[in-house]
Structures are given as C-alpha cells and as structure tokens.
Amino acid sequence: MVDVVRSGARAPTRGSFSLSQLLWAREAGVFLALLALCLFLTFATGGFLTSLNLLNVGRQISLLGIMAVGMTFVLIAGEVDLSVGSTYAFCGLASGMLICAGWPLFAAVGLGVVAGCVIGLINGLLSTYGRLPSLIATLGMLSMVRGAALILTNGQPVTVNVRNGASESVLNAFEFMGQGYLFGVIPMQLVFFVIVAAIAWFILSMTNFGFRIFAVGGSAKAARVSGIHVSAVKIWAFILMGALAAFAGILSLAFLPSGQAGRTGLGLELDVIAATIVGGASLSGGEGTILGTILGVLIIGVMRNGLVLMGVSPFVQEFMIGFVIVVAVGIDKWSTRRSA
Amino acid sequence: MKIAALMVVAATLLPLSAKADGPVKVSDFPLADRIKEKVASGKPLDIYVSYHDVSNEFAPAIKAGVAKGAADDKVNAQFIGPVGSDANAQINEIETLMGKMDGLAISSVSSDALGPVIDRVLKAGIPVVTYNTDNPNSKRLAFAGQDLVQSGREAGKLMGTVLDGKGKVMITTIDAAAQWSLDREKGVREALKTFPGIEVVKTLNTGSDPQKIYSEIENAMLADPSVTGILSLECCSTPAAGTWVQRNKKTGAIKVVGFDLLDQTVQLVQSGDIQATIDQAPEKQGFEAVDLLVQFLNGKPIESVDTGVGIYTKDNIDKVAKK
C-alpha cells in the first residue's frame, strides 16, 4: 500500500546507502554547494576555519534548524506555516514569564511547548476541517499570535533573572539550556538541534507516520483512497511544527535571556521556509528530507557568518542571501527536471 | 580622573542645544472652525498621539507620559500607531481619524512618507507637533524630543573618554538606513573625529531580532579582534554588546557605550560590562507631545522642547535600577 500511495512523492529510502547513491542523492548538490562555500571562506577569510567560529556557526543555526525541521514536515505534507515566528516569540516569552513567576523549569518549559502545540493544532484545524488554505490560515495566526504576545507582555521586554522573580536554581538550569556547553565545548543549542534532527529523521524515514506524510503531500487524493486520514496527518505535522517553534523560542530566551514581543522572531518564518526550500523541500508538497534541511540551514548560516567575516556591507549581505536562495532552488529544480 | 569627572556630570538630564524654531501662536494658524468652537465651549479636546511603533519597548513609557499629559491638561488623549514600523498603516490611521482630531502629535515611521500627511492635516486646520522623532520634511509647528545628532555626539564623546582617546570602535545599529540611526551615527562620527587616536572600523547593521543582533555582534567581533569599543546607537544592540563582552570575559578590555535604559542594559551597567548609556526620557516626550498641543490651542505661544539626554554610568545607574 505504501508504495502505491507514495507515487509522486520522493521519500528517503530505507536501508543502507552505497557511495554512488550518496553522490547522486538529491542532497548532493546542496552538499557540494556548502562544501564550495566553506572552501572559499576558508581561503578568503582568516577566521572561518577555527573551532570557535565553527561552534559559533553551529549555535547560530541551531534555532533556525530546529524550526526548519518542523517546517520540513509541514512542507512535505503539502502545507506551509507562516505563524512560526510569532509562535517562537509567544511561547518563549510565556515560558520566561512563568519562570519569573516562580514556576519550576519543567512546568514552565512544558507549558510553553504545549502552547506551541495548541497553536499548531489551530493551524491544522483551520487548514483541514476549516478548509482555509494554510497560507491564509497561518497568515491570520501570525498576526493573532503576535498580538497575543504583545497583550501578554504589554509590549514590555521579558528579562529572565533573579531580580525579576526567577529562583536561582531554575534560572541556572534555564540558562544552561540556552547558554551551556556539553563537555564544556559543544553549545547546548546545537545539542538540542542534533537530537531534534535525529528524532525527526527517524520519524520521517522509519515510521508509518513518516510514509503517510509523504503520501499525503505527494497526492492527497491517492492517500485518501488508500485509507490514510489526510486531515489527521496534516494536523499532526502542524502540531509538530508548533512544538518545535515553541521550543526554539524558549531556547532563544534562555540564551539571551531577554526578549520583546514586538521584535523577537519578526520575519523568522521566511528564514525558516527559505532554509527548508534550499535544502530541497518543495512548496508543492511530497518532497524533502531532514538531511537536506540541515544542509539548507547550514548554507544560510555559513553564508551569513562568512559575509560578516569578509566585511561585506550589510546591504550587500541581504542581496547575496536572497541570490543564493534563488540560485540554490533554481539549480535543484533544473536538475530535478533533467533527471525526471 | 577625566572619566570620573565626566561620570559625575552624568547624574542629571543634560539639555541639548536649543532648536532654532521660534515660538508659534494659534492666532497665526488657520484653525478649523469646529476646533475653534470646541475650544470656546470648553469641551474636552481630542488629542491623538501617533507613535511609529506601538509594540516597541518605549511605547509603554511614552503612553504613560501621554496619559499624564491628558490628566494634567484635562483632555482626551489617544495613543495610536502601527504595530511594527509600518508607514502605510500609520498614514491610513491618521487619515481615518482626521475628522475627529483636535490636535495631532506624531513620531514618524519615515520622514519622507509621513511629511505630506502632516502637511495635509495642518492644511485641514488641525495643529500638528512632532515628538520623539522629528519630521523636518513637514511644516509641523514644534518638536518635543531629543536632538538625535547631538545625542550621537554625546555618545561619541563618552566613547572617546572611556577609551582614553585611543582604540578601534565598531558602531552597531538595528537599522542602519533609518533616519534616527543616520542622525545619531553622524553625531557619533563627528565627536569621535576629535579623538585622533580613535578609528571607526565599521557600522554593523544587526537587524532587530534579538538572536540576530547577538549573532551579528559575535561574528563581527571574531572578524576583527582589534576592536576595543562598541558603540550602539539604540536600545537593543546595547544589551547584546554588553552580554557579548560579559560572556567573553572582555569586561574592561572592550568598552561599550549605548542608549536607553532597558532592564538588561541597567544590569550590565551595574556589572561594569557597559560603561555608559544615554537615556532619552520617553515619558517626558509623551507628556510634552500632549502639553504642547493643549497650550497651543489655549492661545499660548509654543516652541520646540528639548527633552535632553540623561547619561548613566556605574556611578549613578542605581537611581534608575529596579529595587
């Protein structure tokens, strides 16, 4: 059944990879582009290939990466979520306020993630049973959730510290989530990203739910005929996205540790979608892999880091990043058409 | 010693150079008949105070000043404006409310975009003053706020002093192309030119998302480790620069001078990671916005009000710190 409903969708294959499979995988183009970019920056700048800078890049891409993993599910399911930047702000700030109100860490972070799941659930319900295109439903939610964050905080910055009411032990644990280092070297944000990506890879490649997402995104009609509950699959993809956006928002507040509802995560949804698309996911659904998304996030992160290291003007940086997105997706689509 | 002397001066709000605008009177202004009748009847006036982004950190303080102005002057004052710096939304809102307003105070998203609207409101016989961010492109009656170029000069002078006249300075801003940023940067560069041993190495445009601000500073400091001073032009890259200094154990080695009194900024000044920050008294600006219009409509001559700069360092920051 699975093979039938996956017609049109390009899911990763189970089983072992051979070298030639790896070289011809759809991620190969993105990987080669990343490799070329890294080589160029290594020779063009003095500071790129240092452990400090690479770990910085790792940390800087982690939050974008966690959200892009969620977006991969949504895009593969043939939908899009524009509310992720607002969810990131609302849930992070809400958790921060709970910590300042004296809540224990687990409860504050847990409730923040649950809030993200609820936002995802609403997005999912509106896009399926509500029959709204997800572009419109989540555009509305982008505004509503941002408004809710402003109402919640009254537009004031939320700073998590002892002076504002957080208990010292909770604050230490919270800050470790965002600012800490595993073994004193690897940023915790990067650790969380790797864990999230690994779990997502497992779900997408090794479980029935993963295959159903590809089936739904590849052809919703075929999936429905095959007995798959299309709406349920899409709703779960949105819930997963909401949870990951919330978790990224919480980690962001743990890192800084201050945020403001009017600025936090503003426009982030476009970065997330861009990184996911550069990694090979398709806006028309049925295509995308976690490995591709990781590479897409890395390209955007390395690019931003490298342009600053090279001393490129900020206005040129914006141009270059847009240019890379267009070229990367263009090459991918061109090569896909040729191989089809 | 020189630094200590400067820090002592910092205790109070320093008035800046007075604006060149002369006093204006309502008798010289073609006030709309409906407003004339309202003033004559003694009914409470409807004043609208439009802010360029009601979702930013300063909006609550400005709103509080507006409320105080409304209570003191016994008028109805509405605090309005777009969420996010959206010039179109600000224009649309003002156009919608034009028929109801007896006076407009405005801080423009963009001088160019809002200038014609301000002139249209004035042409309809409604008095308009600017506050917080001036709009020199318009025919506004008066301005209540900080002289941005001068506040930049003050920041530049502070940086020159804390660096003892030598070093490399990086300027950071969340929006390098915005008028307020260009004005402050101009003042900073002017002031730093008077210190021959100081070189401005770059202006870093960080964007406004907190994560991005921090990452941009982190990358830029790695790209040029010779930087010894970070001068932030606004509220939001100031605490990010201080946090970077604190986390990288560069306290004292890399000096930070910035703007405004966000909670995090106050704490970083207390810990010595930020050497000085300049406040722009947002509540006073909100109050003056309302008060100028009420005074004008009641026949008193008005002119621009300089709300000054408040310089805060480790020596006087406790005055504004939360207890």
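Owing to the predicted nature of the structure, the values given are computational and were not obtained by experimental measurement.

1. Digging into the overall build of chain B
Thinking step 1. Counting its regular elements, chain B contains 11 helices and 13 strands.
Thinking step 2. For 323 residues, the compact-globule formula gives about 20 Å, and the C-alpha radius of gyration of chain B, at 21 Å, lands near that figure.
Thinking step 3. Overall size of chain B, expressed as C-alpha extent along the three principal axes, is 65 × 40 × 35 Å.
Thinking step 4. Counting the 323 residues in chain B, one finds 59% classified as buried.
Thinking step 5. Within chain B, contacts between residues at least 6 apart in sequence are counted, and of these 74% link residues at least 24 apart.
Thinking step 6. Carbon together with sulfur atoms contributes 54% to the accessible area of chain B, which is approximately 12500 Å² in total.
Thinking step 7. One finds the centroid of the 35 positive side-chain charges in chain B at a distance of 2 Å from the centroid of its 40 negative side-chain charges.

2. A word on the pattern of salt bridges
Residues and elements named next belong to chain B.
Thinking step 1. The final tally for this structure, using the stated rule, is 15 salt bridges over all chains.
Thinking step 2. A salt bridge links Arg 120 to Glu 95; the nearest nitrogen and oxygen atoms lie 2.2 Å apart. Within this pair, whereas Arg 120 is found in helix α5 (residues 111–123), its partner Glu 95 is found in helix α4 (residues 87–97), the two being separated by 25 residues in sequence.
Thinking step 3. Arg 120 gets classed as partly exposed once you look at its relative accessible area, which sits at 40%.
Thinking step 4. By relative accessible area, Glu 95 is classed as partly exposed at 37%.
Thinking step 5. Glu 190 is the partner of Arg 153 in a salt bridge, and the nearest nitrogen-oxygen pair spans 2.7 Å. Taken together, the residues span a long stretch of sequence, with Arg 153 in helix α6 (residues 148–162) and Glu 190 in helix α7 (residues 179–193) at a distance of 37 residues.
Thinking step 6. Residue classification places Arg 153 among the partly exposed residues on the basis of a relative accessible area of 28%.

3. Some thoughts on the pairing of strand β5 (residues 128–131) of chain B
Residues and elements named next belong to chain B.
Thinking step 1. A two-sided burial pattern is seen for β5, the buried positions comprising Val 128 and Thr 130 on one face and Val 129 and Tyr 131 on the other.
Thinking step 2. Relative to β5, strand β4 (residues 103–106) is paired through three bridges, and the arrangement is parallel. From the neighbouring strand, Ile 106 faces β5, where its bridge partner is Thr 130.
Thinking step 3. Crossover β4 to β5 through α5 is right-handed.
Thinking step 4. Strand direction decides the pairing type here: β5 and strand β6 (residues 143–145), joined by two bridges, are parallel. Looking at the pairing, Thr 130 lines up with Phe 143 of β6.

4. Brief notes about the environment of Gly 155 of chain A
Thinking step 1. Assignment of secondary structure puts Gly 155 of chain A in the loop between α7 (134–153) and β1 (158–159).
Thinking step 2. Judged by its relative accessible area of 5%, Gly 155 of chain A is buried.
Thinking step 3. As a C-alpha pair, Gly 155 of chain A and Arg 263 of chain A span 108 residues in sequence and 9.8 Å in three-dimensional space.
Thinking step 4. Look past the residues within four positions of Gly 155 of chain A in its chain and what remains in contact with it is Leu 150 and Gln 260 of chain A together with Ser 55, Asn 56, Glu 57 and Pro 60 of chain B.

5. Some remarks on the packing of aromatic side chains
All names here are of chain A.
Thinking step 1. Inspection of the entire model under this criterion finds six aromatic pairs over all chains.
Thinking step 2. Ring geometry for Phe 319 and Phe 323: centres 6.2 Å apart, planes at 10 degrees, overall stacked. Remark: Phe 323 and Phe 319 occur in helix α15 (residues 314–339); sequence separation between them is four residues, near one turn of the helix.
Thinking step 3. Overall, Phe 319 belongs to the exposed group, its relative accessible area being 57%.

6. Some thoughts on the interface of chain B and chain A
Thinking step 1. Listed per partner, the contact involves 33 residues of chain B and 37 residues of chain A.
Thinking step 2. Its largest share of buried area at the contact with chain A, chain B owes to Gln 211, Asn 219 and Leu 222 of chain B, together 20% of the area lost on that side.
Thinking step 3. On the surface where chain B and chain A come into contact, there are three salt bridges.
Thinking step 4. For the salt bridge of Asp 271 of chain A with Lys 212 of chain B, the shortest nitrogen-to-oxygen distance reads 2.8 Å.
Thinking step 5. Across the chain B-chain A interface, the total number found is 15 residue pairs in polar contact (both at pLDDT 80 or more).
Thinking step 6. Secondary-structure elements contributing two or more residues to the side of chain B that touches chain A are β8 (197–205), α8 (210–223), α9 (237–247) and α10 (263–270) of chain B.
Thinking step 7. Top contributing element to the side of chain B that touches chain A by residue count: α8 of chain B, with 12 residues.
Thinking step 8. Looking at the side of chain B that touches chain A residue by residue, the class counts come to 13 nonpolar, 11 polar and nine charged.

7. Digging into the packing of helix α3 (residues 59–73) of chain B against helix α11 (residues 282–297) of chain B
All names here are of chain B.
Thinking step 1. Where α3 meets α11, the axes come as close as 6 Å, and the angle between the chain directions of the two elements is 35 degrees. Of the two elements, α3 crosses α11, and the hand of that crossing is right-handed. Two secondary-structure elements touch here, α3 through Ala 61, Ile 62, Ala 64, Gly 65, Val 66, Lys 68, Gly 69, Ala 70, Asp 72 and Asp 73 and α11 through Pro 282, Glu 283, Gln 285, Gly 286, Phe 287, Val 290, Asp 291, Val 294 and Gln 295.
Thinking step 2. Of the residues contributing to the contact of α3 with α11, the split by class is nine nonpolar, five polar and five charged.

8. A short note on a nonpolar patch on the surface
Residues and elements named next belong to chain A.
Thinking step 1. Nonpolar side chains collect at one region of the surface, where Phe 31, Leu 32, Leu 35, Leu 39 and Phe 43 lie side by side and expose about 560 Å² of accessible area between them.
Thinking step 2. Following the sequence through the fold, Phe 43 ends up in helix α3 (residues 27–44).
Thinking step 3. Judged by relative accessible area, which is 74%, Phe 43 ranks as exposed.

9. Focus on empty space enclosed by the protein
Rolled over the atoms, a probe with the dimensions of a water molecule shows which regions are left empty.
Thinking step 1. Summed over the entire model, instances satisfying the criterion amount to three cavities of 30 Å³ or more.
Thinking step 2. Size it by volume and the largest cavity reaches roughly 320 Å³.
Thinking step 3. Along its surface, the largest cavity is lined by 19 residues, and Gln 60, Leu 64 and Arg 304 of chain A together with Lys 212 and Ser 215 of chain B are the ones closest to its centre.
Thinking step 4. Of all the elements in the fold, those that place two or more residues in the lining of the largest cavity are α4 (51–76), α13 (268–278) and α14 (290–309) of chain A together with α8 of chain B.
Thinking step 5. A class-by-class count of the residues in the lining of the largest cavity yields six nonpolar, seven polar and six charged.
Thinking step 6. Reported here for the second largest cavity is a volume of approximately 190 Å³.
Thinking step 7. Every element with two or more residues in the lining of the second largest cavity is listed here: β4 (258–259) of chain A together with α8, α9 and α10 of chain B.

10. Concerning unusual backbone geometry
Residue and element names in this part refer to chain A.
Thinking step 1. Between Leu 256 and Pro 257 the backbone carries a cis peptide bond, its omega angle lying at -10 degrees.
Thinking step 2. Structurally, Pro 257 is set in the loop between α12 (230–255) and β4.
Thinking step 3. Within the chain, Phe 183 stands out as a residue other than glycine whose phi angle is a positive 55 degrees.
Thinking step 4. Secondary-structure assignment places Phe 183 in the loop between β2 (181–182) and β3 (186–187).

11. Notes on the nonpolar core
Residues and elements named next belong to chain A.
Thinking step 1. Formed by 93 residues in total, the largest nonpolar core has its most connected members in Ile 66, Met 67, Val 69, Phe 174 and Met 177.
Thinking step 2. Sorting elements by how many residues they give to this core places α12 first, with 14 residues.
Thinking step 3. Discounting chain neighbours no more than four positions away, the residues touching Ile 66 are Phe 192, Phe 193, Val 196, Leu 244, Phe 247, Ala 248 and Leu 251.

12. Overview of the sheet that holds β5 of chain B
Working definition: the strands of a sheet are paired by backbone hydrogen bonds and lie parallel or antiparallel to each other.
Residues and elements named next belong to chain B.
Thinking step 1. Taking strand neighbours across the sheet as the criterion, the six strands line up as β3-β2-β4-β5-β6-β12 in an open arrangement whose pairing is parallel. Of all strands in the sheet, those with a lone pairing partner are β3 (76–80) and β12 (305–306), marking the two edges.
Thinking step 2. Of the strand pairs in this sheet, strand β2 (residues 46–50) and β3 are connected by five bridges, and their pairing is parallel. Each bridged residue has a counterpart across the sheet, and for Ser 50 the counterpart in β3 is Ile 80.
Thinking step 3. Strand contacts of α3: β2, β3 and β5, with the helix running at about 170 degrees to β3, the strand carrying the most contacts.
Thinking step 4. Along the sheet, α5 makes contact with β4 and β5, crossing β5 at roughly 145 degrees.

Each value, and the rule that gives it
Residues numbered from 1 in each chain as written. Chains lettered and ligands numbered in written order. Predicted model: local features only at pLDDT ≥ 70, side-chain atom pairs only at ≥ 80, totals over all residues. Heavy atoms only, no water. Helix = DSSP H or I, 4+ residues; strand = E, 2+ residues; numbered from the N terminus. Rg over C-alpha atoms; globule rule 2.2 N^0.38 Å. Buried < 20%, exposed > 50% of the residue type's maximum accessible area, 1.4 Å probe, protein only. Contact = heavy atoms within 4.5 Å. Areas by Shrake-Rupley, 256 points an atom, 1.4 Å probe, with all protein chains shown as cover. Lys, Arg positive; Asp, Glu negative; His and termini not counted. Charge placed at Lys NZ, Arg CZ, Asp CG, Glu CD. Salt bridge = Lys/Arg side-chain N within 4 Å of Asp/Glu carboxyl O. Pairing = 2+ DSSP bridges. Right-handed = clockwise from strand over helix to strand, strands pointing away. Phe/Tyr/Trp six-rings, centres within 6.5 Å; stacked < 30°, edge-to-face > 60°. Buried area = accessible area lost by both parts, 1.4 Å probe. Polar contact = N/O pair within 3.5 Å; in protein donor to acceptor, adjacent residues only side chain to side chain. Nonpolar A, V, L, I, M, F, W, Y, C, P; charged D, E, K, R; others polar. Axes fitted to C-alpha atoms, helices over the stretch in contact; angles between N-to-C directions. Left-handed = near helix turned anticlockwise from the far one by under 90°. Patch = residues over 30% accessible without salt bridge, like charges linked within 9 Å, V, L, I, M, F, W, Y side chains within 5 Å. 1 Å grid on protein atoms, 1.4 Å probe; cavity = no way out; pocket = protein on both sides within 12 Å on 5 of 7 lines; lining within 4 Å. Points joined across faces, edges and corners; volume = space filled by probe spheres on them. Core = buried A, V, L, I, M, F, W, Y, C linked by side-chain atoms within 4.5 Å.

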